[in-house]
Amino acid sequence: MAQSVELKNPHLNKMSQDYLYHLALNVPNTKDTRDIQKRFGDVKFICMGGTASRMLELALFLRELLGVKDNSEPEDLCRSGNRYAVYKVGPVLCASHGVGMSTFSVVLHELLKLVRYAKCQDPVFLRIGTCGGVGVPPGTVVVTKEAYNGYLRNEHEIAILGEKVVRPANFTADVVKDLVACGLGDNFKTIEANTMATECFYEGQGRTDGAVCNYSEEDKMQFLRKCHDEKGIRNIEMEATMFSSLTNLCNVKAGDICVTLIDRLKGDQVEISMETKSEYEHRPFIIVGRYIQKILASTT
Ligand SMILES: O=P(O)(O)O[C@@H]1C[C@H](O)[C@@H](CO)O1
Ligand SMILES: O=c1cc[nH]c(=O)[nH]1
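Residues numbered from 1 in each chain as written. Chains lettered and ligands numbered in written order. Predicted model: local features only at pLDDT ≥ 70, side-chain atom pairs only at ≥ 80, totals over all residues.

1. Regarding the site of ligand 2
Where we set the bar: Only the C-beta atom matters for nearness: placed from the backbone, it must lie within 6 Å of the molecule or strand for the residue to count as near. Only DSSP runs of H or I with at least four residues qualify as helices, and only runs of E with at least two residues qualify as strands; both kinds are numbered from the N terminus onward. Under the grouping applied here, Gly and all other residues not named as nonpolar or charged are polar, the nonpolar ones being Ala, Val, Leu, Ile, Met, Phe, Trp, Tyr, Cys and Pro and the charged ones Asp, Glu, Lys and Arg.
Around ligand 2 sit Thr 130, Cys 131, Gly 132, Phe 201, Gln 205, Ile 236, Glu 237, Met 238, Leu 261, Ile 262 and Val 270, and those are all the residues in its vicinity. Those elements giving two or more residues to the shell around ligand 2 turn out to be β6 (124-133), β11 (233-237) and β12 (253-263). At 3 residues, β6 tops the list of elements feeding residues into the shell around ligand 2. When its residues are assigned to classes, the shell around ligand 2 shows 7 nonpolar, 3 polar and 1 charged.

2. Observations concerning the site of ligand 1
Taken together, Gly 49, Gly 50, Val 99, Gly 100, Gly 129, Thr 130, Cys 131, Phe 201, Glu 237 and Met 238 make up the full set of residues near ligand 1. Broken down by element, the shell around ligand 1 gets its largest block of residues, 3 residues, from β6. Of the residues assigned to the shell around ligand 1, the class counts are 4 nonpolar, 5 polar and 1 charged.

3. Remarks on the environment of Lys 44
Worth spelling out the cut-off: Note on contacts: each residue gets a C-beta atom placed from the backbone, and two residues are in contact if those atoms are within 7 Å.
Note on placement: Lys 44 falls in the loop between α1 (34-40) and β3 (45-49). The spacing of Lys 44 and Lys 88 is 44 residues in sequence and 11 Å in space, taken between C-alpha atoms. Residue contacts for Lys 44: discarding those within four places in its chain leaves Pro 91, Cys 120, Pro 123 and Val 124.

4. A look at the nonpolar core
How we decide: Each nonpolar core reported here comprises buried Ala, Val, Leu, Ile, Met, Phe, Trp, Tyr and Cys residues connected via C-beta atoms within 7 Å. To sort residues by exposure, count the other C-beta atoms lying within 10 Å of each residue's C-beta; 20 or more gives buried, 12 or fewer gives exposed, and values between give partly exposed, all with C-beta atoms placed from the backbone.
Ranked by internal contacts, the top residues of the largest apolar core, which has 77 residues, are Cys 47, Cys 94 and Ala 95. Broken down by element, this core gets its largest block of residues, 9 residues, from helix α3 (residues 100-117).

5. Digging into the UniProt feature "binding site: phosphate" (unreviewed entry) in the protein chain
Inclusion rule: UniProt positions are given in the numbering used here, feature names are shortened, and annotations may be inferred rather than shown by experiment.
According to UniProt, the feature "binding site: phosphate" (unreviewed entry) maps to Arg 83, Arg 127, Ile 128, Gly 129 and Thr 130 in the numbering used here. Take Gly 129: it is sitting in strand β6. For Gly 129, the residues in contact, after removing those within four places along its chain, are Gly 49, Gly 50, Glu 237, Glu 239 and Cys 258. Relative to the assigned elements, Thr 130 resides in strand β6. Not counting residues up to four positions away in its chain, the partners in contact with Thr 130 are Cys 258, Val 259, Leu 261 and Glu 281.

6. Considering the UniProt feature "binding site: substrate" (unreviewed entry) in the protein chain
Mapped onto this numbering, the UniProt entry annotates "binding site: substrate" (unreviewed entry) at Gln 205 and Arg 207. Take Gln 205: it is sitting in the loop between β10 (190-197) and α5 (217-231). Gln 205 gets classed as buried once you count the C-beta atoms within 10 Å, which come to 25. Setting aside chain neighbours within four positions, we find Gln 205 in contact with Gly 132, Thr 198, Cys 200 and Ile 236. Its location among the elements puts Arg 207 in the loop between β10 and α5.

7. Points about the packing of α3 against helix α6 (residues 240-249)
The condition is simple: Fitted lines through C-alpha atoms give the axes, limited to the stretch in contact for helices. The angle between two N-to-C directions lies from 0 to 180 degrees. Our angle categories are set so that under 35 degrees counts as roughly parallel, over 145 as roughly antiparallel, 65 to 115 as roughly perpendicular, and the remainder as oblique. Left-handed is the label given to a crossing in which the near helix is rotated counterclockwise from the far helix by less than a right angle, and right-handed is the label when the rotation is clockwise.
Viewed as axis vectors pointing N to C, α3 and α6 meet at an angle of 25 degrees, and their least axial separation amounts to 9 Å. As summarised for this structure, α3 and α6 are arranged roughly parallel, according to the angle between their axes. For α3 against α6, the interelement crossing comes out right-handed. Here Met 101, Phe 104, Ser 105 and Leu 108 of α3 lie close against α6, whose contacting residues are Thr 241, Met 242, Phe 243 and Leu 246. The residue makeup of the contact of α3 with α6, split by class, is 6 nonpolar, 2 polar and no charged.

Below is the structure:
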């Protein structure tokens, strides 16, 4: 049976109104959310990625694929918040989240509250991103199974009230399986693998081309090989641990699907042309599009 989202925060039940500040969306009466339900109640997929332009492209791609009749420029529903862009295409929200887990966690908390207030049924949260590959050719699409932090632990670590809180960081098994199945038969590879999510693009990902670096090229290669050989890590990005742990805690289905822009066993600088990057970024769109069509067909 389809279910609404139940968040794990008893304080929310005591709030008579809620302003989703970064989304610039007001919930004036949390006990009567009919307005929000009317606007967002049909949402079944929340697709998220770093940039507003990628999310606009995704919205246009899905609009065509899903046959949503509308020729106007998709409207950024959260423009007045000046932080994140959110587009709605039929049952899909496409939201930007910025770089890294700290900016992503802000919009994720607010989107989770939005789907709760809107009483969305069984929403699936998907991150559609880019990443560095580890021992796989650029252009490979990686669907994350287990997310590892920069200490190579399969968990998300966060400071709360002055304490270290550690939470599991795994993605929903059936979402992973379905996404991978939707990636069969393309002229590029889609694989299921583990992902390292770091707090820093440069030192955190073992690059030697940041402003600061006090380890050697050999130290870096040893670490990257350890990621590959001992942890089954095939890509590195900056969100997967926080994303999987927060959605997990809220009992919400989630998947992380990213295309590799570089093989980190071969270098640090992301030098691909904008044209190639744009073609690569489109690859997860194709898979997510099929996934959405498949889920919609099985539930309607
Ligand atoms: O979704 P995007 O492409 O923003 O994801 C990766 C991970 C970081 O956010 C960023 C680093 O360049 O790209
Ligand atoms: O190497 C890379 C490329 C994209 N995004 C990352 O986080 N790392």
